[in-house]
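One letter stands for each residue in the lines below.
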Amino acid sequence: FIRVYAGNLLVRVTLFDAFTKEGRTSYAFRLIFQSMERTLTDVEVNSVMDAITTEAQNRGFTVR
């Protein structure tokens, strides 16, 4: 779902860590955003990150 909510500004998503403790697993992702036409602003990237975070929470994940 990360790619769906990030749109075409997301050029790479990488799972770089998984940690399991007390029956729960935490995942860490590296997201790289890029546009070939212009420089991205903080507002644009933060908006995308908010959409991803909201969807993760809607699916029952805890986002830290």
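Structure's up top.
The model shown is predicted, which means the values in this text are computed figures rather than measured ones. (Residues numbered from 1 in each chain as written. Predicted model: local features only at pLDDT ≥ 70, side-chain atom pairs only at ≥ 80, totals over all residues. Heavy atoms only, no water.)

What to know about the pairing of strand β2 (residues 24-33)
Now for step 1: Bridging between strand β1 (residues 10-21) and β2 involves 10 bridges; their strand directions are antiparallel. If you follow T14 over to β2, its bridge partner there is R30.
Now for step 2: Taking the residues between adjacent antiparallel strands as the criterion, β1 and β2 are bridged by 2 residues, where E22 takes a positive phi near 55°. (Pairing = 2+ DSSP bridges. Helix = DSSP H or I, 4+ residues; strand = E, 2+ residues; numbered from the N terminus.)

Topic: the environment of I2
Now for step 1: Along the chain, I2 turns up in helix α1 (residues 2-6).
Now for step 2: According to the relative accessible area criterion, I2 is buried, its value standing at 14%.
Now for step 3: In the structure, I2 is positioned 54 residues away from A56 in sequence and 8.5 Å away in space, judged by C-alpha atoms.
Now for step 4: When sequence neighbours within four positions are dropped, the list of residues in contact with I2 reads L10, V13, F29, L31 and I52. (Buried < 20%, exposed > 50% of the residue type's maximum accessible area, 1.4 Å probe, protein only. Contact = heavy atoms within 4.5 Å.)

Notes on the layout of surface pockets
Now for step 1: In this structure, the largest pocket encloses a volume near 780 Å³.
Now for step 2: Looking at the largest pocket, it is lined by 20 residues, and the ones nearest its centre are Y27, F29, T62, V63 and R64.
Now for step 3: Those elements giving two or more residues to the lining of the largest pocket turn out to be β1, β2 and α2 (42-58).
Now for step 4: With 7 residues, the single largest contributor to the lining of the largest pocket is β2.
Now for step 5: Grouping the constituent residues of the lining of the largest pocket by class yields 12 nonpolar, 5 polar and 3 charged. (1 Å grid on protein atoms, 1.4 Å probe; cavity = no way out; pocket = protein on both sides within 12 Å on 5 of 7 lines; lining within 4 Å. Points joined across faces, edges and corners; volume = space filled by probe spheres on them. Nonpolar A, V, L, I, M, F, W, Y, C, P; charged D, E, K, R; others polar.)

In short, geometric facts, not functional conclusions.
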